Amino acid sequence: MSGLDERHSVQQPIVDRLVELGWTHVPGEQLGREIEQVFLESDLVAGLRRLNPLIDEEPGRAGEVMKELRALTLAVEDDGLVETNRAMAAWLRGLRTHKFAGLPRHSPVRLIDLEHPTNNRLVVADEVTYGTIGRKARFDIVLYVNGIPLVVIECKTAVDRKISWLKGAREVADHYQPGWPAFFVPNVFNVATEGKELAYGTTGAPLDFWELWGPARTAPKLTDVLESVASLLAPATVLSLLDDFTLYEEPQDNLGGGLKKLIARYMQYDAVQLMAARAHDGLKRRGLIYHTQGTGKTLAMVFAAAKILRDPALENPTIVLIADRVQLVNQMWDQFRTTGMPRLLTPPNAADLRAKLGDKEHGGTDQRGLIFSTVHKFAGAPADLNTRRNIVVLVDEAHRTQEGGLGLTMRAALPNALFFAFSGTPLAELDRNTFATFGDPDDPGKALHTYTSDQAIADGVVVPIHVAPRLVRFQLDKDKLDEAFEQLAAEENLSEEEADIVSRRASRVGTFFSNPARIRAVCADIVEHFYSTLDPLGMKAQIVVYDRAACVDYHRELTRLLQARYTAGEPLDEAAVVMTLVGGKDDDKDWDDYGLTDTQEGDLLKRFRTFGDPLKFLIVTAKLGTGFNAPIEGVMYLDKPLKKHTLFQTITRTNRTWKNPQTGQEKRYGLVVDYVGLGDGFARAMAPANPDQEQRSIEVDGLIDIFENGLKLAMRRFAGLDVTHVGATTLLQAQQRVPTSDLDDFAAEFNMLEGIWEAVAPHTRLLAHKDPYRFLAKVYASLQPSSRDDEIVWIRVGAKTLELVHAHMGEVTVDATRPTVVIADTDTIRRLAEEGLLPDITDVEHKSADEVIDTIANRLKKRIAGPNGDHIIYRSLAERLDSLRMRTLTAAENSIEWLRELFTVAKDLTAAEKAEDEQGRTGLDLLPNPNIGALTQIFREYAPPETPTMIERVVTDIDALVSQITAGDRDWLNAQKADRAVRRGVRVVLRKYELHTVDGLFERAYDYIAEHY
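Residues numbered from 1 in each chain as written. Predicted model: local features only at pLDDT ≥ 70, side-chain atom pairs only at ≥ 80, totals over all residues. Heavy atoms only, no water.

Points about the overall build of the protein chain
Part 1 of the argument: From N to C terminus, the protein chain includes 38 helices and 26 strands.
Part 2 of the argument: Across the protein chain, contacts joining residues at least 24 apart in sequence account for 75% of those joining residues at least 6 apart.
Part 3 of the argument: Within the structure as shown, the protein chain displays about 46800 Å² of accessible surface, and the carbon and sulfur contribution to it stands at 51%. (Helix = DSSP H or I, 4+ residues; strand = E, 2+ residues; numbered from the N terminus. Contact = heavy atoms within 4.5 Å. Areas by Shrake-Rupley, 256 points an atom, 1.4 Å probe, with all protein chains shown as cover.)

Remarks on a negative patch on the surface
Part 1 of the argument: A cluster of acidic residues, Asp588, Asp590, Asp592 and Asp593, forms a negative patch on the protein surface.
Part 2 of the argument: Looking at where aspartate 592 falls in the secondary structure, it is placed in the loop between strand S22 (574-577) and helix H21 (598-609). (Patch = residues over 30% accessible without salt bridge, like charges linked within 9 Å, V, L, I, M, F, W, Y side chains within 5 Å. Salt bridge = Lys/Arg side-chain N within 4 Å of Asp/Glu carboxyl O. Lys, Arg positive; Asp, Glu negative; His and termini not counted. Charge placed at Lys NZ, Arg CZ, Asp CG, Glu CD.)

Here we look at the pairing of strand S8 (residues 198-202)
Part 1 of the argument: Burial within S8 is extensive, with five of its five residues counted as buried.
Part 2 of the argument: Neither face of S8 is open: one carries Leu198, Tyr200 and Thr202, the other Ala199 and Gly201, and all of them are buried.
Part 3 of the argument: Sheet topology note: the strand S7 (residues 189-193)/S8 ladder contains five bridges and is antiparallel. Counterpart to alanine 192 in the pairing with S8 is alanine 199.
Part 4 of the argument: The turn linking S7 back onto S8 is made up of four residues, and glycine 195 within it adopts a positive phi angle of 90°.
Part 5 of the argument: Across two bridges, the pairing between S8 and strand S9 (residues 211-212) is antiparallel. (Buried < 20%, exposed > 50% of the residue type's maximum accessible area, 1.4 Å probe, protein only. Pairing = 2+ DSSP bridges.)

Quick notes on the nonpolar core
Part 1 of the argument: Judged by nonpolar contacts, the single largest core of 118 residues is most densely connected at Leu18, Leu111, Ile112, Leu150, Phe189, Leu233 and Leu394.
Part 2 of the argument: Take this core: its biggest share by element is nine residues, from helix H10 (residues 297-309).
Part 3 of the argument: Here this core gathers at least three residues from each of two domains, domain 1 (6-248) and domain 2 (264-459).
Part 4 of the argument: Dropping the residues within four chain positions of it, isoleucine 112 is found in contact with Leu51, Leu92, Asn120, Val145, Asn146, Ile148, Leu150, Leu239 and Leu242.
Part 5 of the argument: Listed in part, the 36 residues of the second largest apolar core include Leu534, Cys551, Leu562 and Ile632. (Core = buried A, V, L, I, M, F, W, Y, C linked by side-chain atoms within 4.5 Å. Domains from an automatic or database assignment.)

As for the packing of aromatic side chains
Part 1 of the argument: Taken as a whole and judged by the stated rule, the model has 19 aromatic pairs.
Part 2 of the argument: Here the aromatic rings of phenylalanine 183 and phenylalanine 184 are separated by 6.0 Å at their centres, their planes lie at 75°, and the arrangement is edge-to-face. Comparing phenylalanine 183 with phenylalanine 184 shows no difference in burial state: the two are buried.
Part 3 of the argument: Ring geometry for tyrosine 200 versus tryptophan 213: centroids 5.2 Å apart, planes at 80°, classification edge-to-face. With tyrosine 200 in strand S8 and tryptophan 213 in the loop between S9 and helix H7 (222-232), the pair connects residues that are 13 residues apart, well separated along the chain.
Part 4 of the argument: In this structure tyrosine 200 comes out as buried when scored by relative accessible area, which is 2%. (Phe/Tyr/Trp six-rings, centres within 6.5 Å; stacked < 30°, edge-to-face > 60°.)

A short note on empty space enclosed by the protein
Part 1 of the argument: Scanning all chains against the criterion turns up four cavities of 30 Å³ or more.
Part 2 of the argument: If you go around the largest cavity, you meet 13 residues; those closest to its centre are Lys196, Glu197, Leu198, Pro215 and Arg217.
Part 3 of the argument: Residue contributions to the lining of the largest cavity peak at three residues, all from H7.
Part 4 of the argument: Residue classes in the lining of the largest cavity are distributed as seven nonpolar, two polar and four charged. (1 Å grid on protein atoms, 1.4 Å probe; cavity = no way out; pocket = protein on both sides within 12 Å on 5 of 7 lines; lining within 4 Å. Points joined across faces, edges and corners; volume = space filled by probe spheres on them. Nonpolar A, V, L, I, M, F, W, Y, C, P; charged D, E, K, R; others polar.)

As for the pattern of salt bridges
Part 1 of the argument: On inspection of all chains with the given rule, the structure shows 30 salt bridges.
Part 2 of the argument: When the shortest N-O distance is used, the salt bridge between aspartate 440 and lysine 284 registers 3.1 Å. In this pair, aspartate 440 is assigned in the loop between helix H14 (434-438) and strand S18 (449-451) and lysine 284 in the loop between helix H9 (266-279) and strand S12 (286-291), connecting sequence segments 156 residues apart.
Part 3 of the argument: For arginine 388, the salt bridge identified is with aspartate 366, shortest N-O distance 2.9 Å. Here arginine 388 is found in the loop between strand S15 (369-374) and strand S16 (391-396), whereas its partner aspartate 366 is found in the loop between helix H12 (350-357) and S15, with 22 residues between them in sequence.

Focus: the sheet that holds strand S14 (residues 344-345)
Part 1 of the argument: Taking strand neighbours across the sheet as the criterion, the seven strands line up as S14-S15-S13-S16-S17-S12-S18 in an open arrangement whose pairing is parallel. Of all strands in the sheet, those bounded by a partner on one side alone are S14 and S18.
Part 2 of the argument: Against the sheet, H10 engages S12, strand S13 (318-323), S15, S16 and strand S17 (418-423), with an angle of about 175° to S16. (Axes fitted to C-alpha atoms, helices over the stretch in contact; angles between N-to-C directions.)

Re unusual backbone geometry
Outside of glycine, negative phi angles account for most residues, and trans bonds account for most peptide bonds.
Part 1 of the argument: At glutamate 315, a residue that is not glycine, the phi angle is positive and equals roughly 55°.
Part 2 of the argument: With respect to the helices and strands, the residue glutamate 315 is situated in the loop between H10 and S13.
Part 3 of the argument: At aspartate 366, a residue that is not glycine, the phi angle is positive and equals roughly 50°.
Part 4 of the argument: Aspartate 366 gets classed as buried once you look at its relative accessible area, which sits at 16%.

Focus: the confidence of the model for the protein chain
Part 1 of the argument: Residues at a pLDDT of 70 or more form 69% of the protein chain, whose mean pLDDT is 77.
Part 2 of the argument: Between the elements of the protein chain, mean pLDDT differs from a low of 46, seen in helix H30 (residues 826-834), to a high of 96, seen in strand S1 (residues 24-25).
Part 3 of the argument: Confidence drops under pLDDT 50 across residues 692-698; counting only partners more than four residues distant or on other chains, this segment forms 17 contacts.
Part 4 of the argument: In this model, residues 838-842 is a region of pLDDT below 50 whose contacts with residues beyond four sequence positions or in other chains number eight contacts. (pLDDT = per-residue confidence, 0-100.)

Quick notes on the sheet that holds strand S23 (residues 615-620)
Part 1 of the argument: Spatially, six strands are ordered S19-S25-S24-S21-S23-S22 in an open sheet, and the strand pairing comes out parallel. Two strands bound the open sheet, and with one partner strand each, they are strand S19 (465-469) and S22. Adjacent strand axes in the sheet meet at a mean angle of 20° when their direction is disregarded.
Part 2 of the argument: Of the strands in this sheet, strand S21 (540-544), S23, strand S24 (633-638) and strand S25 (670-674) touch helix H19 (residues 516-534), which is tilted by about 160° from S24.
Part 3 of the argument: Against the sheet, H21 touches S21, S22, S23 and S24, its axis set at about 130° to S23.

Some details on the packing of helix H4 (residues 61-79) against helix H5 (residues 81-92)
Part 1 of the argument: Orientation of H4 relative to H5, taken along the N-to-C sense of each, is 160°, at an axis distance of 8 Å. Judged by the angle between their axes, H4 and H5 are roughly antiparallel. Between H4 and H5 the crossing geometry is right-handed. Two secondary-structure elements touch here, H4 through Val65, Glu68, Leu69, Leu72, Thr73, Ala75, Val76 and Asp79 and H5 through Leu81, Glu83, Thr84, Ala87, Met88 and Trp91. (Parallel < 35°, antiparallel > 145°, perpendicular 65-115°, else oblique. Left-handed = near helix turned anticlockwise from the far one by under 90°.)

Some words on the side chain of aspartate 113
Part 1 of the argument: With respect to the helices and strands, aspartate 113 occurs in the loop between strand S3 (107-108) and strand S4 (122-132).
Part 2 of the argument: Take aspartate 113: its relative accessible area is 4%, and that puts it in the buried class.
Part 3 of the argument: Among all residues touching aspartate 113, those that are not within four sequence positions of it are Leu51, Asn119, Asn120 and Leu239.

Considerations on the packing of helix H25 (residues 728-736) against helix H28 (residues 770-782)
Part 1 of the argument: Their axes nearest at 10 Å, the elements H25 and H28 cross at an angle of 70°. Comparing their axes, H28 and H25 come out roughly perpendicular. Counted together, Thr730, Leu731, Ala734 and Gln735 of H25 and Phe775, Lys778, Val779 and Ser782 of H28 form the full contact between these two elements.

Considering the environment of aspartate 281
Part 1 of the argument: With respect to the helices, strands and loops of the structure, aspartate 281 is situated in the loop between H9 and S12.
Part 2 of the argument: Residue class for aspartate 281 comes out partly exposed when judged on its relative accessible area of 27%.
Part 3 of the argument: In this structure the C-alpha to C-alpha distance between aspartate 281 and leucine 418, which are 137 residues apart in sequence, comes to 9.9 Å.
Part 4 of the argument: A polar atom in the side chain of aspartate 281 sits 2.7 Å from the backbone nitrogen of leucine 283. (Polar contact = N/O pair within 3.5 Å; in protein donor to acceptor, adjacent residues only side chain to side chain.)

So, the pairing of strand S10 (residues 246-249)
Part 1 of the argument: Going residue by residue along S10, you find Thr246 and Tyr248 tucked away on one face and Leu247 and Glu249 tucked away on the opposite face as well.
Part 2 of the argument: Looking at chain direction, S10 and strand S11 (residues 260-263) are connected through four bridges and run antiparallel. In the sheet register, glutamate 249 faces S11, and the bridge partner there is lysine 260.

Remarks on the environment of proline 178
Part 1 of the argument: Within the secondary structure layout, proline 178 lies in helix H6 (residues 165-179).
Part 2 of the argument: Given a relative accessible area of 53%, proline 178 falls into the exposed group.
Part 3 of the argument: Considering only alpha carbons, one finds proline 178 and glutamate 77, 101 residues apart in sequence, at a separation of 9.8 Å.
Part 4 of the argument: Aside from chain neighbours lying at most four places away, what touches proline 178 is Val172 and Ala173.

Details of the environment of threonine 298
Part 1 of the argument: Along the polypeptide, threonine 298 turns up in helix H10.
Part 2 of the argument: Sequence separation between threonine 298 and phenylalanine 422 is 124 residues; the distance between their C-alpha atoms is 8.6 Å.

Here it is, written out as structure tokens:
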């Protein structure tokens, strides 16, 4: 059997593959080191001499560096592993200097040649022992570079289906690192594998943050692991992850927890490597990174910026990071700041951006480093603001304004820049196509790198999204409303035209969302649903409402309900509003209390992200729909009509993975509670865009020729006026040049120009005509009739009209199923007794259903407390009893069926009691396996009629597989990785028996397994 243990079945093939990749194999006992030494000191000294001429000319200087490195490994006990690891990483990256004895100044020190991996001593050692006599650890495989242990690999057997890479990862994370932290001070990352999948985790990372390297596979095997080894553990990859793909981040909630070390996921690594290669391409100047929401696009931008910024071939480049909202710029800034990125600049306005980006000819400083900006700050930027080729623009959420006129201005200002766009929702429509704007036509699917939602869910990077529809019902008494409105119009002396204005305003969809009765009903449903489902799990909620007025109304109602809960003895929780206030005429004075500074908003969001903080609800309408990352958000209550990419971006706020820090339970899915009835809008929003979508076909050059001729004619009447600065005087002079007799002709001229502009823009030929066209637009608008009278009418009767509409909307109800309590009568129980399910009616006569359940439960509790209480028979009976206790009863037929099942449980319990009393555990083992029986019933229901003989084999295979994965541990459902293993295993068995195409079979089987195993 020695050939099947972990060393021979997994460890040795990995070592052999590593040798093929360029590592030199040295058995652990032949490393020439004492077991308490972290470094291979002879290799480290040799590397110091090889890479540092100052040390080579005076070998004794190596001892000075060795002393500092040893001191760092000793400091871990006081400073903590991750903090010490960061300090050591600076040495490994060549960022530290040392003042050698006898020399006047500090000199840089290189421990590793990061640019030329083969210029290092690369050692793979197996069975490496570290520690002290009596307290030692043994690592399966260690990768040393110049004597420095950078990677630890833990292997588990490939032939025991009960053991997965999780066991190896747990040993590294929970045993080796805390027990022998000094050995992990220089560590880059760790690896665990059972010969089927290969996972990795950074130094100090808990088990939840370990990831598979490479896409999850349906039936993984050793060849897949060796493929991952070749990708992840090649010397160049290990050193690249050390140098370009490792960051340290301060915590983003109020729980503390100290510094975190981050390392790139495989899709981030692949995307950034492709970006770096494109930066060296002399011809291709753009690339689209299409990564689904929630997979770390901003972090990928951090890695890309860091790698490109340090690329010597780009000769000190400028990296410009672009978003279309100040909020997103701030979020990017925070991500970069918390990860310690250098040289961050955020120009406060367009003029300052032009000054920093502009070259000397444009009076700029030609700034290098990292510049953050919204695309709006490029407004007014001249063409060729800077023509350098080593300007790299990274665009976040590239599907929005970057495709319009502002984006065109930006690209004209930086004509030779390299543009990379990141998007989780690229558009492919007639008028806007992200693939056409930012993708290269030669890239697969016009995207430089793609990472889909399906793959992200399979990899466990994000969780699936479930939608729970909630139908908000009301009846609008239209006839009575029309009658009441006619009476109001008569009382207010409204003309027919004025009445029409008021009617149109009142019929807007916002009128229905603002109904106070509707708001009360929805808020009551939110509170009931949240505290019965999400709050026990420790998660929080975001509420998306129709507009800013609704934000305020919902907050007031939720605060009232939360206060009522507090009065009833519950903890006092909070709701908060995050919305934009501009201080204009559209802002209600009552909203002043909801205005937040950037600092206040940041503190509020930090509280929301913090487990245990009483801030449970965030109410928004437009903010936080993109870029907001709060893994603790488990549910979104959606009460606003959204569609397509906006809907997708909004609902994916819930798809982040999260683990309850107290219970260890993991989020299995994000929930969207839909009060709007978006239906198949969700499916359309989740559908991937088609990069080959044809755009609107327009003969552009001919239209622009017509535009230019028409503009020249229209501007003749305004000759001599300054069209670049249109003030009141200029506008008055322009109006005087359009007499009433010419007004229709001028309107026709402008409408023609406007039609062409809207059809063609953005286009480079139009940029030169922007000022005169805007001038004409202002003149045209100033000559149009005012809508002020409409506003006056609405101010007079608008509030009364809304009150009328709301008063004629009948009772508002939210259609949500809630459990009820049903009391059984004696006649029903007698009927069940006649079926033989009740041995003695006197035991249950005159008792309610709850009392009968309690009687059975008390018997079951005694058995569970006994020596065989963990047996599957009793566990199954307990689950069946709990299910019956929770079930809703709505009709007499259901009540009878419910009691029939209840007394069947009682009958089965009697049989189990008798079997245990007579033969102990052996007697229980002889009873029918409840899981096998239930699965068999499911497969008989769903399987094709020609497959009855294989059903028993299918069920037996699934039961054996799931039992091995879960190992009897009911907590497997709380572990996302075990859950994925069960799902994958069931699919493999179905495929084996060609049942994978049977509609609904997988879902029904998995649901049963999730409930009973």
